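# Survey of secondary and tertiary structure
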Amino acid sequence: MIKIYRTENSKIGELNEMESGSWIQLTDPTPAELELVSKKFDIDITDVRAALDADESSRVEIEDDYTLILIDIPIIEIRSDQKAYTSIPLGIMLMDDYLITVCAEKSPVLEYFVNSIVKEFSTKKQMRFIYQILYRTCMVYQLYLRNIDDRRTEIESRVQEDMEEEDLVALHELESTLVYFATSLRANGVVIDRLSRYSRVRQFPEDKDLLDDVRVENGQAIEMTIIYRDIIQGTRELLSNIINNRLNNVMKYLAAITIVMAIPNIISGFYGMNVASKWVPLYDTPFGFIIICVATMIICLTVLRILKKKKML
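Presented here is a report on the structure given in the accompanying data block. What you are looking at is a predicted structure, and each value in this text was computed from that prediction instead of being measured. (Residues numbered from 1 in each chain as written. Predicted model: local features only at pLDDT ≥ 70, side-chain atom pairs only at ≥ 80, totals over all residues. Heavy atoms only, no water.)

### A short note on a negative patch on the surface
On the surface, Asp 42, Asp 44, Glu 63, Asp 64, Asp 65, Asp 96 and Asp 97 cluster together to form a negatively charged patch. Among the secondary structure elements, Asp 64 is positioned in the loop between strand 4 (59–62) and strand 5 (67–79). For Asp 64, a relative accessible area of 74% gives the class exposed. (Patch = residues over 30% accessible without salt bridge, like charges linked within 9 Å, V, L, I, M, F, W, Y side chains within 5 Å. Areas by Shrake-Rupley, 256 points an atom, 1.4 Å probe, with all protein chains shown as cover. Salt bridge = Lys/Arg side-chain N within 4 Å of Asp/Glu carboxyl O. Lys, Arg positive; Asp, Glu negative; His and termini not counted. Charge placed at Lys NZ, Arg CZ, Asp CG, Glu CD. Helix = DSSP H or I, 4+ residues; strand = E, 2+ residues; numbered from the N terminus. Buried < 20%, exposed > 50% of the residue type's maximum accessible area, 1.4 Å probe, protein only.)

Now the structure itself:
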């Protein structure tokens, strides 16, 4: 899908034709749309398709007529009927009069611009637009990181209640997400450093200040990722230890019950031996059966008390 936007008097509007100073947004484009943009602006088709490859790394490539900027942006996806976070490439092609973005999915980062949420946004100031995209990317990363930490807190609050093995799986997925986020943010940091030395397009002093803000926010997002990953790792180990401890307690309880239940079996086994009656205690005593049962019960209760003192029950 191709959409064309252009700002006039600080207001963004959608166009039907590609005009100078416009922003061309490609979202999950078809091969025909990619070919159209490639031919119209004389861009290598592999550069146009680069953002559609999930394994593409963030980088800056300067060509004769355009500059390709690849960054990783965060998105929400549904895995196993649950909301999950991941990152995908966003391609930005910078030219003298146009700016083209290519993404495989609808991006929350770009929606800020489409919905006119970003202040002082102009499609005609390409470098500022790129820095604003990077700044919004950092903000969305930080938002998702806080959501991940909230999810971790929710799981941790159930430690003494209805904690299940599914919580361990959820924590593992959150930890994996943070690993991907950390990798993407570091790669974006390399792109930000490269753009700080970019001199092909004129930049205003306020653009430099915005780039400094982007660098600070990206560094903060990296620190948040590292901190939350360490906390989740500790929480996952805590839950794993609790589950193992509960299993040990169950096994200890079952072992104690087995010991107690073995006492009647042993006594009844002795009295069931095929030997002469005179060798069997209490064989000719009135109420001998009742005496044996009571004695067996007393022994079992005594063993239970001993096991309880040793905290096996």
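### Focus on the pairing of strand 4
Pairing analysis gives four bridges linking strand 4 to strand 5, with the strands arranged antiparallel. Across the sheet, residue Ile 62 finds its bridge partner in strand 5, namely Thr 67. Where strand 4 hands over to strand 5, the hairpin turn is made up of four residues, counted between the paired strands. (Pairing = 2+ DSSP bridges.)

### Re the layout of surface pockets
Reported here for the largest pocket is a volume of approximately 290 Å³. Considering the residues around the largest pocket, the lining is formed by 18 residues, among which Ala 54, Asp 72, Ser 87, Ile 88 and Pro 89 are closest to the centre. Elements that contribute at least two residues to the lining of the largest pocket include exactly strand 6 (82–94) and helix 5 (165–195). The residue makeup of the lining of the largest pocket, split by class, is eight nonpolar, six polar and four charged. Every residue lining the second largest pocket is listed: Arg 79, Gln 82, Lys 83, Ala 84, Tyr 85, Asn 147, Arg 151, Ala 170, Glu 173, Leu 174 and Thr 177. For the lining of the second largest pocket, the elements supplying multiple residues, two or more each, are strand 6, helix 4 (126–156) and helix 5. Looking at the lining of the second largest pocket residue by residue, the classes come out as four nonpolar, three polar and four charged. (1 Å grid on protein atoms, 1.4 Å probe; cavity = no way out; pocket = protein on both sides within 12 Å on 5 of 7 lines; lining within 4 Å. Points joined across faces, edges and corners; volume = space filled by probe spheres on them. Nonpolar A, V, L, I, M, F, W, Y, C, P; charged D, E, K, R; others polar.)

### Quick word on the nonpolar core
Ranked by size, the top nonpolar core spans 52 residues in total, and within it Trp 23, Ile 130 and Ile 133 carry the most contacts. Residue assignment for this core shows that the elements contributing at least two residues are strand 5, strand 6, strand 7 (98–103), helix 3 (108–114), helix 4, helix 5 and helix 6 (205–271). If we ignore the near neighbours within four places in the chain, the residues touching Ile 130 are Ile 69, Ile 92, Leu 94, Leu 99 and Leu 195. In terms of nonpolar packing, the next biggest core, distinct from the first, is built from 19 residues, Met 18, Ile 24, Phe 41 and Leu 70 among them. (Core = buried A, V, L, I, M, F, W, Y, C linked by side-chain atoms within 4.5 Å. Contact = heavy atoms within 4.5 Å.)

### What about the packing of aromatic side chains?
Counted by the stated rule, this structure contains 10 aromatic pairs. On the basis of an interplanar angle of 65° and a centroid distance of 5.1 Å, the ring pair of Phe 113 and Phe 129 is categorised as edge-to-face. Linking Phe 113 in helix 3 with Phe 129 in helix 4, this pair joins segments that are 16 residues apart in sequence. Look at Phe 113 and you get buried, because its relative accessible area is 0%. A centroid spacing of 5.0 Å and a plane angle of 85° characterise the contact between Tyr 141 and Phe 181, whose relative ring orientation is edge-to-face. Highlighted residues: Tyr 141 in helix 4 and Phe 181 in helix 5, separated in sequence by 40 residues. (Phe/Tyr/Trp six-rings, centres within 6.5 Å; stacked < 30°, edge-to-face > 60°.)

### Details of helix 1 (residues 31–41)
Listed as buried for helix 1 are Glu 33, Leu 34, Val 37, Ser 38 and Phe 41. Along the long axis of helix 1, the arc covered by the buried residues comes to 135°, so they all point the same way. Residues of helix 1 that are exposed and point more than 90 degrees away from the buried face comprise Pro 31, Ala 32 and Lys 39. On its buried side, helix 1 packs onto strand 1 (2–8), strand 3 (22–27), helix 2 (45–49) and strand 7. Downstream of helix 1 by a residue or two, Asp 42 has a phi angle that is positive, lying close to 55°. (Arc of directions from axis to C-beta.)

### Some remarks on the side chain of Thr 123
On the secondary structure map, Thr 123 appears in the loop between helix 3 and helix 4. With a relative accessible area of 0%, Thr 123 lands in the buried category. In terms of polar contacts, Thr 123 uses its side chain to reach the backbone carbonyl oxygen of Gly 21, at 2.7 Å. When residues no more than four places from it in sequence are discounted, the contact partners of Thr 123 are Tyr 5, Arg 6, Thr 7, Gly 21, Ser 22 and Trp 23. (Polar contact = N/O pair within 3.5 Å; in protein donor to acceptor, adjacent residues only side chain to side chain.)

### What about the sheet that holds strand 6?
Pairing is mixed across the open sheet formed by seven strands, whose spatial order is 2-1-3-7-6-5-4. The open sheet has two edge strands, strand 2 (11–15) and strand 4, and neither has a second partner. Across the sheet, the mean angle from the axis of one strand to that of its neighbour is 25°, orientation sign disregarded. Pairing of strand 1 with strand 2, which is carried by five bridges, proceeds in the antiparallel orientation. Across the sheet, residue Arg 6 finds its bridge partner in strand 2, namely Gly 13. Contacts from helix 1 reach strand 1, strand 3 and strand 7 within the one sheet, and its direction differs from that of strand 3 by about 150°. Helix-sheet contacts for helix 4 involve strand 3, strand 5, strand 6 and strand 7, and the interaxial angle to strand 5 is about 25°. (Axes fitted to C-alpha atoms, helices over the stretch in contact; angles between N-to-C directions.)

### Re the packing of helix 6 against helix 7 (residues 288–309)
Remark: helix 6 packs on helix 7, axes separated minimally by 10 Å, with the N-to-C direction vectors making an angle of 155°. It follows that helix 6 is roughly antiparallel to helix 7 by the angle criterion. As helix 6 packs across helix 7, the resulting crossing turns out to be right-handed. From helix 6, Ala 256, Ile 259, Val 260, Ile 263, Pro 264, Ile 267 and Tyr 271 reach across to helix 7, where they touch Ile 292, Thr 296, Ile 299, Cys 300, Val 303, Leu 304 and Leu 307. Looking at the contact of helix 6 with helix 7 residue by residue, the class counts come to 13 nonpolar, one polar and no charged. (Parallel < 35°, antiparallel > 145°, perpendicular 65-115°, else oblique. Left-handed = near helix turned anticlockwise from the far one by under 90°.)

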